[in-house]
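Commentary on secondary and tertiary structure
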Amino acid sequence: ATASLSTLFHNVVGGHTLSPSDLQKPLQQMEAHLLRKNVAREAAVRLCESVSRDLVGAQTRTFESVDARLHTAMESALRKMLTPTSSLDLLREIQAVRNPSAGAAPRPYVLSIVGVNGVGKSTNLSKIAFFLLQNRYRILIAAADTFRSGAVEQLRVHAANLRELSRREGGEIELYERGYGKDAADVARDAVAYAARGAWDVVLVDTAGRRHNDARLMGGLEKFARLARPDKCLMVGEALVGGDAVQQARHFNESLIGNPSGGGARGGGRGLDGFIVSKCDTVGDMVGTLVSMVHATGIPVVFLGTGQHYSDLRTLNVGSVVRLLME
Amino acid sequence: MVLSDLGRRINAAVSDLSRSPTLDEKAFDGMVKEICNALIESDVNVRLVASLRNSIRRAVNFKELGPAVNKKRLIQKAVFDELVKLVDPHAEPFKPRKGKANVIMFVGLQGSGKTTTCTKLARWYQARQFKSCLVCADTFRAGAFDQLKQNATKAKIPYYGSLTQTDPVVVAREGVEKFKKERFEIIIVDTSGRHRQEQDLFDEMVQIQHAVKPDQTIMVLDSTIGQQAEGQSRAFKEAADFGAIVLTKTDGAAAGGGAISAVAATHTPIVFLGTGEHMLDLERFAPQPFVSKLLGMGDMQGLVDH
Ligand SMILES: Nc1nc2c(ncn2[C@@H]2O[C@H](COP(=O)(O)OP(=O)(O)OP(=O)(O)O)[C@@H](O)[C@H]2O)c(=O)[nH]1
Ligand SMILES: Nc1nc2c(ncn2[C@@H]2O[C@H](COP(=O)(O)OP(=O)(O)OP(=O)(O)O)[C@@H](O)[C@H]2O)c(=O)[nH]1
Ligand SMILES: [Mg+2]
Ligand SMILES: [Mg+2]
């Protein structure tokens with residue numbers, strides 16, 4: 001009883017120098033709070049440690065409780081972690097590749113999407129296509145998932161739907177496919193070559209879902225990146241996933257780096273450029289997966305998938321994600 | 001493999017404690033903490049872990065343990081009992097009967113592995129001399145029918161679906177009626193992915209269920225699922241009252257604690273594991289070995305009967 005009374009005392013009186021013991025209990029509660037939001041334990045522990053380092057020895061302001069101080073500190077730690085150091089402006093990047101500065105020849109901009117099985121790669125690729133069509137680009141979708149049943153037909157339906165929509169929105173869209181069983185990297189390379197010949201603006205390359213703990217499947221990524229030479233490589237991770245998010249992010253990034261001597265900036269040795277966190281509409285305020293993936297790699301989240309329709313794609317709003325995490 | 005890491009850690013925590021020279025309350029608390037951390041890292045629901053922690057503490061009640069009591073054994077048993085309570089579904093899974101139509105309907109979140117698993121299951125029963133078939137009642141997802149068709153063709157399983165009918169309730173009813181007339185014994189109905197936040201999708205699921213009157217509804221759960229496992233599975237249980245869980249992607253690296261939470265929240269047994277992307281990657285699953293696997297060892301098995 002005395003302990004909780006003194007905590008209460010510390011909690012209401014400002015101008016107090018914070019000691020590790022003041023923070024111990026509130027930090028435990030904070031960690032449990034983050035865990036309930038589906039932040040991987042590794043990330044939650046690390047965040048609490050760093051906030052604790054910052055706060056020990058600091059003074060609470062007048063009328064500021066320990067809890068309130070901790071809350072503010074965690075909020076800013078999350079904001080800092082999630083805010084990208086360089087923002088991805090897809091349209092500007094495409095523009096730079098399509099209309100290069102003097103001397104360079106224009107070429108198609110290549111974006112590829114990777115991730116584990118069933119997370120929403122093909123669907124979110126189609127949403128990106130929709131977004132680019134609205135900006136009147138000519139889009140080629142490359143069906144480089146040559147493994148999963150129905151993968152090619154799935155993209156064919158999306159391309160047909162989007163073609164219908166693009167009558168209103170502008171732009172143009174086509175599917176490049178070579179059926180099933182072919183090597184994905186070869187299909188991707190050929191699609192890019194085809195796009196260059198046809199002066200397509202953007203190639204969106206879909207890939208098969210792969211387990212990040214399967215060395216053979218992950219090994220294929222390096223060749224894929226070498227042949228497709230994507231300008232951007234995004235990993236889709238779903239908001240539903242728990243602690244595995246950390247390893248998914250790490251392993252995909254590492255596999256794309258592969259053997260760094262093997263490629264140039266746009267070949268192997270490139271790493272991931274960003275995450276798409278899909279199915280955010282299925283988790284309510286439990287958006288911890290974003291934190292887990294960024295914690296694991298320092299790679300930014302660029303898009304959120306928020307539903308099953310073409311318009312359900314958002315850019316990251318750090319403020320609202322932090323609000324969901326802290327409420 | 002799913003759960004074995006978790007089992008190893010729990011086992012290690014318990015045997016660390018029993019090996020430590022001073023088996024005092026502090027060491028005991030340390031062990032409980034380590035077990036709880038292992039559970040949380042495996043995605044077991046945070047609230048569930050908190051209540052497990054309290055139950056173990058209550059069951060052991062260190063202060064009242066006399067020195068003569070065999071503490072090690074008592075602690076092991078308490079941990080084991082509480083874990084069993086957590087994952088024992090207290091329910092028997094449905095067993096299809098030969099010579100009659102057994103309708104099995106699949107439900108679950110988007111991308112969890114329903115379509116893949118329903119062909120695996122049809123093939124499983126086919127191999128056990130049940131006349132099996134598939135109905136594609138996913139009229140929403142692009143390419144859903146092609147996916148099922150290609151899988152079914154590879155497995156030589158008859159299938160039904162439509163490229164033009166947009167109402168899944170109609171397709172489901174027609175498919176099941178047709179196959180019942182043709183005296184199929186296992187009729188598996190695949191449905192679209194859905195989630196509890198969209199009421200329309202849940203209503204649709206209930207309508208399909210009314211139309212096909214399944215003998216068994218199966219929820220397909222991805223073994224990577226995190227803290228949403230409890231809420232989603234509970235909502236599916238309330239709306240569709242599924243009687244079994246199939247846990248997929250167990251060939252991945254996830255520990256599968258979400259599945260434990262789903263079992264605990266719905267008191268529903270896991271009946272099969274999906275162990276890969278291929279047709280034959282399906283394993284039967286029984287709760288008791290599940291628990292010993294969870295505990296990562298055989299030597300606790302002896303405690304069950306005490
Ligand atoms: N609710 C919701 N569902 C989504 C979202 N993104 C994708 N989905 C659904 O998730 C399921 C799987 O999506 P796909 O795009 O086929 O996933 P994938 O990663 O390409 O799957 P594989 O190629 O089989 O590995 C589909 O039912 C999609 O409609 C999202 O943001 N919200
Ligand atoms: N590694 C692995 N992959 C699996 C397993 N089961 C399914 N998959 C893969 O997971 C992805 C999604 O599977 P689907 O069967 O399309 O999932 P679904 O639940 O029908 O998806 P929706 O209909 O969009 O909701 C595919 O890439 C499958 O190959 C499994 O046990 N192991
Ligand atoms: Mg796909
Ligand atoms: Mg499906």
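Along each chain, numbering runs from 1 in the same order as the chain's sequence is written. For naming, the first written chain is A and the first written ligand is 1, with later ones following in the order written. Two thresholds apply to this predicted model, a pLDDT of at least 70 for residue-level local features and 80 or more for giving and counting side-chain atom pairs, whereas whole-chain, interface and lining totals are computed over all residues. The side-chain numbers reported here are obtained from all heavy atoms of the structure, hydrogens and water having been left aside.

Moving on, we get to the overall build of chain A. A helix here means a DSSP run of H or I that spans at least four residues, while a strand means a run of E at least two residues long, and both kinds are numbered starting from the N terminus. Secondary structure summary: chain A contains 12 helices and 8 strands in total. On the principal axes, the C-alpha backbone points of chain A span a range of 75 × 45 × 45 Å. Under the scheme applied here, a residue whose accessible area is under 20% of the maximum for its type counts as buried, over 50% as exposed, and between as partly exposed, the area being computed with a 1.4 Å probe on protein chains only. Taken across its 327 residues, chain A has 54% of its residues classed as buried. Two residues form a contact once any of their heavy atoms are found within 4.5 Å. Intrachain contacts of chain A at a sequence separation of at least 6 include 78% that bridge at least 24 residues.

Residue and element names in this part refer to chain A. Reading across from one edge, 3-2-4-1-5-6-7-8 is the order of the 8 strands in this open sheet, with mixed pairing throughout. Of all strands in the sheet, those with a lone pairing partner are strand 3 (172-176) and strand 8 (313-315), marking the two edges. Pairwise comparison of adjacent strand axes, ignoring direction, gives a mean angle of 25° for this sheet. Helix-sheet contacts for helix 6 (residues 121-134) involve strand 1 (109-114), strand 2 (138-144), strand 3, strand 4 (202-207), strand 5 (232-238), strand 6 (274-278), strand 7 (301-305) and strand 8, and the interaxial angle to strand 4 is about 170°. Helix 8 (residues 184-197) rests against strand 1, strand 2, strand 3 and strand 4 of the sheet, and its axis sits at about 160° to strand 2. Strand pairing is assigned whenever DSSP detects at least two bridges linking the two strands. Note on geometry: axes are lines fitted to C-alpha atoms, helical ones only across the stretch in contact, with angles between N-to-C directions running from 0 to 180 degrees.

To continue, consider the layout of surface pockets. Estimated volume of the second largest pocket: approximately 680 Å³. Lining the second largest pocket are 22 residues, with Gln28(A), Glu31(A), Lys33(B), Asn37(B) and Arg53(B) sitting closest to its centre. At the level of secondary structure, the elements contributing two or more residues to the lining of the second largest pocket comprise helix 2 (20-36) and helix 3 (41-55) of chain A together with helix 2 (25-41) and helix 3 (46-60) of chain B. For the lining of the second largest pocket, the element with the most residues is helix 2 of chain A, which contributes 7 residues. Broken down by class, the residue content of the lining of the second largest pocket amounts to 11 nonpolar, 4 polar and 7 charged. Here a cavity denotes a set of grid points, spaced 1 Å apart and computed over the protein atoms alone, in which a 1.4 Å probe fits but from which it cannot get out, and a pocket denotes an open set meeting protein on both sides within 12 Å along at least five of seven lines; residues with an atom within 4 Å of a point are reported as lining. Grid points are joined across faces, edges and corners, and a volume is the space filled by probe spheres set on the points. Classification convention: Asp, Glu, Lys, Arg as charged; Ala, Val, Leu, Ile, Met, Phe, Trp, Tyr, Cys, Pro as nonpolar; all other residues, Gly among them, as polar.

Contacts between the two partners involve 36 residues from chain B, matched on the other side by 35 residues from chain A. Buried area between chain B and chain A, summed over both chains or domains, comes out near 3000 Å², and the portion from carbon and sulfur atoms is 52%. By definition here, a salt bridge exists when the distance from a side-chain nitrogen of Lys or Arg to a carboxyl oxygen of Asp or Glu is within 4 Å. At the junction of chain B and chain A, the tally comes to 2 salt bridges. The partner of Arg211(A) in a salt bridge is Asp251(B), with the nearest N and O atoms 2.9 Å apart. N or O atoms closer than or at 3.5 Å make up a polar contact, with two conditions inside protein: a donor-capable atom paired with an acceptor-capable one, and, for residues adjacent in sequence, both atoms drawn from side chains. At the junction of chain B and chain A, the tally comes to 23 residue pairs in polar contact (both at pLDDT 80 or more). Secondary structure elements with two or more residues in the side of chain B that touches chain A: helix 2, helix 3, helix 6 (144-155) and helix 9 (228-240) of chain B. Here the side of chain B that touches chain A gets 5 residues from one element, more than from any other, and that element is helix 6 of chain B. Per-class residue counts for the side of chain B that touches chain A are 9 nonpolar, 17 polar and 10 charged. Summed over both partners, the accessible surface that disappears when two parts come together, traced with a 1.4 Å probe, is what is meant by buried area.

Here we come to the site of ligand 1. Residues and elements named next belong to chain A. Lys121, Ser122, Thr123, Asp281 and Gln308 are the nearest of the 25 residues found near ligand 1. Contact distances for ligand 1 include 2.8 Å between an oxygen atom and a backbone N or O atom of glycine 120. In this structure, an oxygen atom belonging to ligand 1 sits 2.9 Å away from a side-chain N or O atom of arginine 148. Considered on its own, ligand 1 offers 650 Å² of accessible surface; in the complex 96% of this is hidden by protein. Sort the elements by how many residues they give to the shell around ligand 1 and helix 6 lands first, with 5 residues. We call a residue near a given molecule or strand whenever any one of its heavy atoms falls within 4 Å of it. Surface accessibility in these figures is a Shrake-Rupley result with a 1.4 Å probe; residues are shielded only by whichever protein chains are displayed.

This part covers the pattern of salt bridges. Scanning the model with the defined rule gives 32 salt bridges over all chains in all. Across the pair Arg92(A) and Asp89(A) runs a salt bridge whose closest N-O atoms are separated by 3.3 Å. What emerges from the salt-bridge pattern is a single network uniting Glu31(A), Arg41(A), Arg9(B), Glu34(B) and Glu41(B).

Two faces belong to every sheet, and in a regular strand the side chains alternate between them. Residue and element names in this part refer to chain A. Of all the 7 residues making up strand 2, 6 are buried; the element is thus mostly covered by neighbouring parts of the structure. In this structure, strand 2 lies alongside strand 3, joined through 5 bridges in parallel fashion. Residue pairing across strands places isoleucine 139 opposite isoleucine 173, the latter belonging to strand 3. The pairing of strand 2 with strand 4 spans 6 bridges and is parallel. Looking at the pairing, leucine 140 lines up with valine 203 of strand 4.

Phi angles above zero are rare outside glycine, and Lys279(A) is one such case at about 60°. As for its position among the elements, Lys279(A) is in the loop between strand 6 and helix 11 (288-297). With a relative accessible area of 11%, Lys279(A) lands in the buried category. The phi torsion at Gln129(B) lies on the positive side, around 65°, for a residue other than glycine. Residue placement: Gln129(B) occurs in the loop between helix 5 (114-127) and strand 2 (132-137).

Right, let's get into the nonpolar core. In this text, buried Ala, Val, Leu, Ile, Met, Phe, Trp, Tyr and Cys residues form a nonpolar core when linked through side-chain atoms within 4.5 Å. Ile128(A), Ile139(A) and Met31(B) are the most contacted members of the largest nonpolar core, which totals 157 residues. Formed by 25 residues, the second largest nonpolar core is a distinct cluster that contains Ala155(B), Ile188(B), Val220(B) and Leu282(B).

All right, on to the state of the cysteines then. Two cysteine sulfur atoms form a disulfide, by the criterion used here, when they sit within 2.5 Å. Counted by the stated rule, this structure contains 0 disulfides over all chains. Take Cys280(A): it sits in no disulfide, and the sulfur closest to it among the cysteines is that of Cys233(A), at 19 Å. Among the residues examined, Cys280(A) registers a relative accessible area of 13% and is labelled buried. Just so you know, Cys118(B) is unpaired, no disulfide at all, and the nearest cysteine sulfur is the one on Cys136(B), 8.1 Å from it.

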